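What follows is each chain in one-letter form.
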Amino acid sequence: MRPRFALLGPVEARRDGRPIPLGSAKQRALLTALLLDGNRVVSLDRLMTAVWDEDPPRSAVANVRTYVNRLRDALGLSGRLTARPPGYLLTVDQGELDVVEFAEALRRGREAVADGRPEEALGHLSPALALWRGAPAEDVPRTRALTPRLDALSEQRCLALETVAEARLMLGEHEEAVAELRDMTAAHPTRERLWGRLMLALYRTGDVAAALTAYGRARELLADELGVEPGPELATLHLAILNRDPALGFTRAARRPPPPPAGVTRVAGGTGGSGGANGTGRVTLTAALTATRTGAGRLVGRDRELQKILSALGEVAGGPRVVALDGPAGVGKSALAREAARIADFPDGVIHVDLREPPGLGPPDPYDAVRRALAAAGPPGDGADPGMERATGRLRAALAGRRVLVLLDNAVDERQVRPVLEASAGCRVLITSRVVPAALDDVAHVAVAPLGDEDAAELLLGLCDRGRGDIRQAKRVVRFCDNLPLALMIAGKRLAVRREWTLGAFADMLADEDQRLDLLTCGDLSVRAAIGADYRVLSRGESAADAHALELFRLMGARGTADCGPGTAARLLGCDPRSASAALGRLADLRLLEPLTLSRLATLCLVGPLTVDHYRMSGLTRLYAREIARG
């Protein structure tokens, strides 16, 4: 019988259900290091650092060899624990390590929730959470080499707990969720997303007072533990509860079958959201920490874009009435829009309408967008459903004669926002969207791109307060984050609370593609969820181009392909060049691919003829596509 390894608790190895003695704590630490990098060569230097930290004895190399020989004999792994320059390789087969099983169950569970299949998510996650027997590798010394890797496993467990809570809310199991979430928030008091799920569950059970009390408790703990105020999602949910926003009511998500593994097939139906419930309301925009701010509250690297927005908003009659910011997921459009709204001169204030999709549902339709804008702009209604025509009229009346800025955040497309634009004809409007809303009239378009290397490093170092002493390692982190402010904000927040992690150690963790997206998740902030929102828009499409684009995205993920032109796309899809070009264009519309200029193509020295319709997938999007391809 083959061995079974376990790191989700005390380090264990079993054969035929019986434990195998693993020796001293240092020997178990060595096994932990080998298992965490199973099927990869681990150098002697890294093994020594894992066992002795940065002060190994003179006999460390000989001791490592002794430990390896003892483990090989105890485990019966003569052919699988082998010397490979510059260190050792432990071969771990499928089904032998609980860490791998848990990570796969977590990925499948999160994907099921995102696709609106909460029962399936619980089926993956409940047995996976039962694998945990305590803190990861809790019986080995916490060296600087092992601590970040083990902490990353603890983070995965928190993500699983949050996903279970999300699934229960999607199923309407609010009372059950309340009981579980009270235990979760007690164990993890700084996890804002858990507090948000608890607030929503309490609200849906009818206990509004308890939901507001939970927010107060979360705010108190965040201030005590981290010295910060609740983030925008939690604050927005609090405001929505105060206003008894109808969007917070429970609606059972329609179950959508998983996409087929092969073939070009249209996928339709509802999907799940990546974040918490989204309310609306008047916003007072303060110097809160946002996705392109340093700890001191200064926007980094966006002076040019900010000036363009403010100039367009400040133009007199005859200029564009709408300013639209577009850019890929996580690039900081919302943060930039909020900063512009804070600075711009609108004496009657800013009306912020968040158009992100609620958990388990599709994005708000045009009527929902009008209702949200009306809830933010006008006096409370009588609670009755006004219907589209009446709601639009009420919104037009509420905005008449007022100098307000209407901020339509996270818009999906032109159809979603057009009725709000028509009802706010006398107001300036600021839109953020992944796509370019080209079909709208009277619009000044502002493209928002990832930060430059220097600005990205400044943002990261400011968030984690590490000074500029290790700029080389900071730029390594920046590269793994694709220079995206959202990813950098997550990295900075994690480094800020994990002072024992060096920038170099965190960069080494991010270098592992199998865990990079997990590491770039912190509470309600998630790069995976941000990219997933674009993918779900594509999966809901009904056109032939959508179907081809969906299949091309999966095929590129399966092959690890980052660059693609129409010729490659046609070969992958087995279709004509025109259909392949349409699929590439659709992926580019949703920012899942970015077009490359001829000069950039030449710089990259890509093989083959250079064409103007050549595209590249970012590193983080490629990892997401790989996850989708694995099913």
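Attention here is on the structure that accompanies the text. (Residues numbered from 1 in each chain as written. Predicted model: local features only at pLDDT ≥ 70, side-chain atom pairs only at ≥ 80, totals over all residues. Heavy atoms only, no water.)

### Some thoughts on the sheet that holds strand 16 (residues 594–596)
Alright, step 1. Pairing is antiparallel in the open sheet, where three strands are placed in the order 15-17-16. The outermost strands of the open sheet, each flanked by one partner alone, are strand 15 (563–564) and strand 16.
Alright, step 2. Across two bridges, strand 15 lies against strand 17 (residues 614–616) in antiparallel orientation. When the sheet's bridge partners are listed, aspartate 563 is paired in strand 17 with arginine 616. (Pairing = 2+ DSSP bridges. Helix = DSSP H or I, 4+ residues; strand = E, 2+ residues; numbered from the N terminus.)

### Observations concerning the side chain of arginine 107
Alright, step 1. Summarising the element assignment, arginine 107 is placed in helix 4 (residues 98–114).
Alright, step 2. Among the residues examined, arginine 107 registers a relative accessible area of 11% and is labelled buried.
Alright, step 3. Within polar-contact distance, the side chain of arginine 107 engages the side chain of glutamate 104 at 2.7 Å. (Buried < 20%, exposed > 50% of the residue type's maximum accessible area, 1.4 Å probe, protein only. Polar contact = N/O pair within 3.5 Å; in protein donor to acceptor, adjacent residues only side chain to side chain.)

### Re the sheet that holds strand 3 (residues 18–19)
Alright, step 1. If you walk across this open sheet you meet the three strands as 1-2-3, and the pairing is antiparallel. Only two strands of the sheet have a single partner each, and these edge strands are strand 1 (4–6) and strand 3.
Alright, step 2. Note: strand 2 (residues 12–15) against strand 3, two bridges, orientation antiparallel. Paired with arginine 14 across the bridge in strand 3 is proline 19.

### Looking at the packing of aromatic side chains
The geometry of two aromatic rings is summed up by the distance between their centres and the angle between their planes.
Alright, step 1. Enumeration according to the criterion identifies six aromatic pairs in this entry.
Alright, step 2. Arranged with centres 6.3 Å apart and planes meeting at 25°, the rings of tryptophan 52 and tyrosine 67 form a pair that is stacked. With tryptophan 52 in helix 2 (residues 44–52) and tyrosine 67 in helix 3 (residues 60–75), this pair connects stretches of sequence that are 15 residues apart. Tyrosine 67 shares its class with tryptophan 52; the two are buried.
Alright, step 3. Here the aromatic rings of phenylalanine 553 and tyrosine 624 are separated by 6.4 Å at their centres, their planes lie at 45°, and the arrangement is tilted. Taken together, the positions of phenylalanine 553 in helix 22 (residues 544–559) and tyrosine 624 in helix 26 (residues 619–630) put the pair 71 residues apart, joining distant regions of the chain.
Alright, step 4. Assessed through its relative accessible area of 0%, phenylalanine 553 is described here as buried.
Alright, step 5. Members of the aromatic cluster, connected to one another through ring pairs, are Tyr535, Phe553 and Tyr624.
Alright, step 6. Taking NZ or CZ as reference, arginine 157 lies 5.7 Å from the ring centre of tryptophan 132, over its face.
Alright, step 7. Its end group placed over the ring of tyrosine 367, arginine 371 keeps NZ or CZ at 5.6 Å from the ring centre. (Phe/Tyr/Trp six-rings, centres within 6.5 Å; stacked < 30°, edge-to-face > 60°. Lys NZ or Arg CZ within 6 Å of the ring centre and 35° of its normal.)

### With respect to the pairing of strand 6 (residues 87–90)
Alright, step 1. As defined by bridge partners, strand 4 (residues 42–43) adjoins strand 6 across two bridges and the pair is classed as antiparallel. Bridge assignment links serine 43 to a residue of strand 6, and that residue is glycine 87.
Alright, step 2. Pairing geometry for strand 5 (residues 81–84) and strand 6, over four bridges, is antiparallel. Bridging across to strand 6, leucine 81 finds its partner in leucine 90.
Alright, step 3. Between strand 5 and strand 6, which pair antiparallel one after the other, the connecting turn spans two residues.

### Some thoughts on unusual backbone geometry
Alright, step 1. Looking along the chain, the bond that leaves proline 85 and enters proline 86 is cis, with omega of 5°.
Alright, step 2. The phi torsion at alanine 137 lies on the positive side, around 45°, for a residue other than glycine.
Alright, step 3. Among the structural elements, alanine 137 can be located in the loop between helix 5 (118–129) and helix 6 (147–171).
Alright, step 4. Its relative accessible area of 0% is what places alanine 137 among the buried residues.
Alright, step 5. The phi dihedral of asparagine 483 is positive, around 60°, even though this residue is not glycine.
Alright, step 6. When you line up the elements, asparagine 483 lands in the loop between helix 17 (471–480) and helix 18 (485–497).

### Re the packing of helix 13 (residues 366–377) against helix 14 (residues 388–399)
Alright, step 1. Remark: helix 13 packs on helix 14, axes separated minimally by 9 Å, with the N-to-C direction vectors making an angle of 35°. As helix 13 runs across helix 14, the sense of the crossing is left-handed. Of helix 14, the residues touching helix 13 (which contributes Pro366, Tyr367, Val370, Ala373, Leu374 and Ala377) are Met388, Ala391, Thr392, Arg394, Leu395, Ala398 and Leu399.
Alright, step 2. Taken together, the residues that form the contact of helix 13 with helix 14 break down as 11 nonpolar, one polar and one charged. (Axes fitted to C-alpha atoms, helices over the stretch in contact; angles between N-to-C directions. Left-handed = near helix turned anticlockwise from the far one by under 90°. Contact = heavy atoms within 4.5 Å. Nonpolar A, V, L, I, M, F, W, Y, C, P; charged D, E, K, R; others polar.)

The quantities given are spatial measurements derived from coordinates; they are silent on function.
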